[in-house]
Each structure stands twice: as structure tokens, then as C-alpha cells.
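Reading the structure
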Amino acid sequence: MRRRSLLPLAAAPLALLAGCAGLAPDKPQRPTLYDFGPLTEPPGTAPTGAPLVLGEVEVTAALDGTAMLYRLGYADARQLRPYALARWSAPPGQLLGQRLRQVLGQVRPVLDPGQATGLARAAAGGLRVLRVELEEFCHHFTSPQASQGVVRVRCTLLENTPAGDRLLAQRGFAAEHAASSPDAPGGAQALAAASQSLAQSVAAWIRTQN
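This is a predicted model, so every value here is computed, not measured.

**Notes on helix H4 (residues 184-208)**
Along its 25 residues, H4 runs 36 Å from first to last C-alpha, staying within 8% of the 36 Å computed at 1.5 Å per residue. A distance of 3.0 Å separates the backbone nitrogen of Gly 186 from a side-chain oxygen at the start of H4, and that oxygen is part of Asp 183.

Shown next as C-alpha cells:
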């Protein structure tokens, strides 16, 4: 009889622990990280064009971070909103700069400013420098179900000479790509595709600047 009377007392702490576990708060959900993925076009032959200097892509204050931004064009297109549980693996300017290097590097050597310093001295100037300003980079919704990735930049091509930088050309570029779904994964896919298309347009423009 004495052993039977102890059973409920032994079970009571277990029941109490189970109840506390049910009341424990959920762990905060970590944001999903996205990047552009691999370059979708096959690599070409070794680059043979003249070297091109490409520095860091300049960005506005709104794009100086890893937040994935979207606009509701059908509600208030002037407001940029961040996805709560989605982030870029690096700021958009860095991701776009990497994609530009990959695409431009298929036809010519692409240098950063530090690598170009010694080469410019040896060549007594004459190196071409590409400056890129990122003006727009967001997932734009035209309706609750229709959206696209939008990327817009301004490119300035300069020639570095002993007398200083000489302006060769300047042009704006924009690219859009339809999103496969009206959410963060669809936006990441659309922005990656739009960035690659834009990089290809910039590369084609550079080839025309003889």
C-alpha cells in the first residue's frame, strides 16, 4: 500500500516539467540568406580585351545593408519595405559588383583600383575606369500577385591619364525580370536574373566604347 501511494507523487514532477515545456517561448526564427547563385551562362574563352578598372559599386543609404526590400506599387510606390525573414548574404552593391566582374571578366581583365595602381604607372596612364552607382534594387509589386525584380544603375566610363580622369561616356541602365512567386524567394530569383541581364547590357556597352 505504501508503494502505491508514492506513484502519483513521483509522476507529479514529470507532469509539471511537461507543462512548463509547453509554455516555453519559441526560438526566434532566423532570416533566410540569399545571393545571386552561380552565373547561368557558360564561361567563354580567356579575356583578351584591354583591362578595365572596376571599384566598389556606389549605393544610396537605403541600399547600404543586407535587407531585402520591396515596393507595393499598387498601394504606395514611394515606400520601401524590408522582408522580415529574408536577407541578402551581402549588401546589394557587393552582389551586383561580383556579377559585373563575372560578366565583364569573360571578355577583358577586370581589376580593382589597388591592382590598377602599378599598372597605370607602368603604362603611363590610359587605363579605363568604370564607376557604377546603384540607384534602384527592389522587388516591385504591380499587384498582390504580379511582381518583378527591378535594378537600375548609372555607369560612368573614364580614362585614367597622367593629367587626370577624362570622361569618355555615361549612361543609365535598367533591367526587370518577372518574379516566379509573390514572396521573398521569388524576389531573390527575379533580382538575380535582372542583375545578370543588366551586367550583360553594361558589357555590351563597354565593347562599343573604342
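**Observations regarding the pairing of strand E4 (residues 67-72)**
Judged by how many residues are buried, E4 sits mostly within the fold: 5 of 6 residues are covered. For E4 and strand E5 (residues 76-88), the ladder comprises 4 bridges, and the chain directions are antiparallel. Considered in E5, the bridge of Leu 72 is made with Asp 76. Linkage of E4 to E5, two consecutive antiparallel strands, is achieved through a turn of 3 residues. Judged from the 3 bridges that link them, E4 and strand E7 (residues 127-141) form a sheet pairing that is parallel. Looking across to E7, one finds that Leu 72 is bridged to Phe 141.

**Considering the nonpolar core**
As a rule of thumb, nonpolar side chains are buried together in soluble globular proteins. Among the nonpolar cores identified, the biggest contains 43 residues, and Leu 100, Leu 104, Leu 130 and Val 153 are the most heavily contacted of them. Those elements that place two or more of their residues in this core are strand E2 (52-54), E4, E5, helix H2 (92-104), E7, strand E8 (147-161), strand E9 (164-178) and H4. Here Val 153 is in contact with Leu 96, Val 132, Glu 133, Leu 134, Glu 135, Arg 171, Gly 172, Phe 173 and Leu 198, once residues within four sequence places are set aside.

**Remarks on the side chain of Arg 71**
Mapping Arg 71 onto the fold places it in strand E4. When its relative accessible area of 14% is taken as the criterion, Arg 71 is described as buried. Separated by 2.7 Å, the side chain of Arg 71 and the backbone oxygen of Ala 77 make a polar contact. Not counting chain neighbours up to four residues away, the residues in contact with Arg 71 comprise Ala 77, Arg 78, Gln 79, Leu 80, Glu 136, Cys 138, His 139, His 140 and Phe 141.

The rules behind these values
Residues numbered from 1 in each chain as written. Predicted model: local features only at pLDDT ≥ 70, side-chain atom pairs only at ≥ 80, totals over all residues. Heavy atoms only, no water. Helix = DSSP H or I, 4+ residues; strand = E, 2+ residues; numbered from the N terminus. Expected span 1.5 Å × (residues − 1). Polar contact = N/O pair within 3.5 Å; in protein donor to acceptor, adjacent residues only side chain to side chain. Buried < 20%, exposed > 50% of the residue type's maximum accessible area, 1.4 Å probe, protein only. Pairing = 2+ DSSP bridges. Core = buried A, V, L, I, M, F, W, Y, C linked by side-chain atoms within 4.5 Å. Contact = heavy atoms within 4.5 Å.

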